Amino acid sequence: MRRHIFAAIAGICLTSAGAQAQKLQERYDAAEKAFAAGEYDKAATLFAEVQGRLAKSQRGTTVDADLRRRIAETDIALGRPERAIAVLAPIVSIYAKAPGQPFLMETYSLLGRAHEKLGEMQRATENYQAALRLNTDPARKTALSIPLARAAVFTDAPLARRLVDAMIEDFKPMEDKK
């Protein structure tokens, strides 16, 4: 999902105005494009550049957290889950305090993925469960349940079984339509 940050940067970022804010938006757009193309090193560099140019007034805000989350996603894609965890852990509290808790579910899901890549299945399970608890979209339930079930196989087999059974039940109405 492409996030348009220009309004946030131009409207709030006190040290970047006009052309500078537009340049930041262009760098952000280039980072998103690089990420989509699988050019994760380039994306990480560009996201970090934009994040580093935010005004001090933006540090610790959801704009800062959004950029850090995207940096963490590139770290996971580049096989650097430890770094992703270090980036993601502090932004959980930023999103938790924000109205509507934007991207909190996604942040927990990314933390789960990073811990899973490290073989830390208990922590992966805990983060995937936190993401699933925050989910309000029935269409995303299965997408969140699959990695949780995969991690839970190693930490909580009954939970993994319940998740798989629930996913099977969710798909039964589709089979009945055939």
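Residues take numbers from 1 onward in each chain, read along the sequence in its written order. Restriction of local features to residues with pLDDT of at least 70 applies here, the model being predicted, together with a cutoff of 80 or more for giving and counting side-chain atom pairs; totals for whole chains, interfaces and linings are based on all residues. Only hydrogens and water are set aside; all other atoms, that is, all heavy atoms of the structure, feed into the side-chain values.

**What to know about the nonpolar core**
- For this analysis, a nonpolar core means a set of buried residues of the types Ala, Val, Leu, Ile, Met, Phe, Trp, Tyr and Cys, connected via side-chain atoms within 4.5 Å. Summary of the burial criterion: residues with accessible area below 20% of their type's maximum are buried, those above 50% are exposed, and those between are partly exposed, where the area comes from a 1.4 Å probe applied to protein chains only. Membership of the largest hydrophobic core comes to 16 residues, with the highest contact counts inside it found for L88, I91 and Y95.
- Every helix listed is a DSSP run of H or I at least four residues long, and every strand listed is a run of E at least two residues long, numbered separately from the N terminus. Contributing elements (two or more residues each) for this core: helix 4 (62-77), helix 5 (81-97) and helix 6 (104-117).
- Sort the elements by how many residues they give to this core and helix 5 lands first, with 8 residues.
- Beyond its immediate stretch of four places on either side in the chain, Y95 contacts T62, A65, D66, R69, Q101, P102, F103, L104 and T107. When checking whether two residues touch, look at their non-hydrogen atoms; a contact exists if any pair is within 4.5 Å.

**Looking at the side chain of E73**
- Relative to the elements of secondary structure, E73 occurs in helix 4.
- The residues touching E73, leaving out its near neighbours within four places in the chain, are F35 and L110.

**Here we look at the environment of F154**
- Locating F154 in the fold gives a position in helix 8 (residues 138-155).
- You can call F154 exposed: its relative accessible area is 61%.
- Taking the C-alpha atoms as reference points, F154 and Q122, separated by 32 residues in sequence, lie 7.9 Å from one another.

**Focus on the side chain of N127**
- By the secondary structure assignment, N127 is in helix 7 (residues 121-134).
- In this structure N127 comes out as buried when scored by relative accessible area, which is 12%.
- Here N127 is in contact with Y108, L111, G112 and H115, once residues within four sequence places are set aside.

Interpretation note: all reported values are geometric properties and have no functional meaning in isolation.
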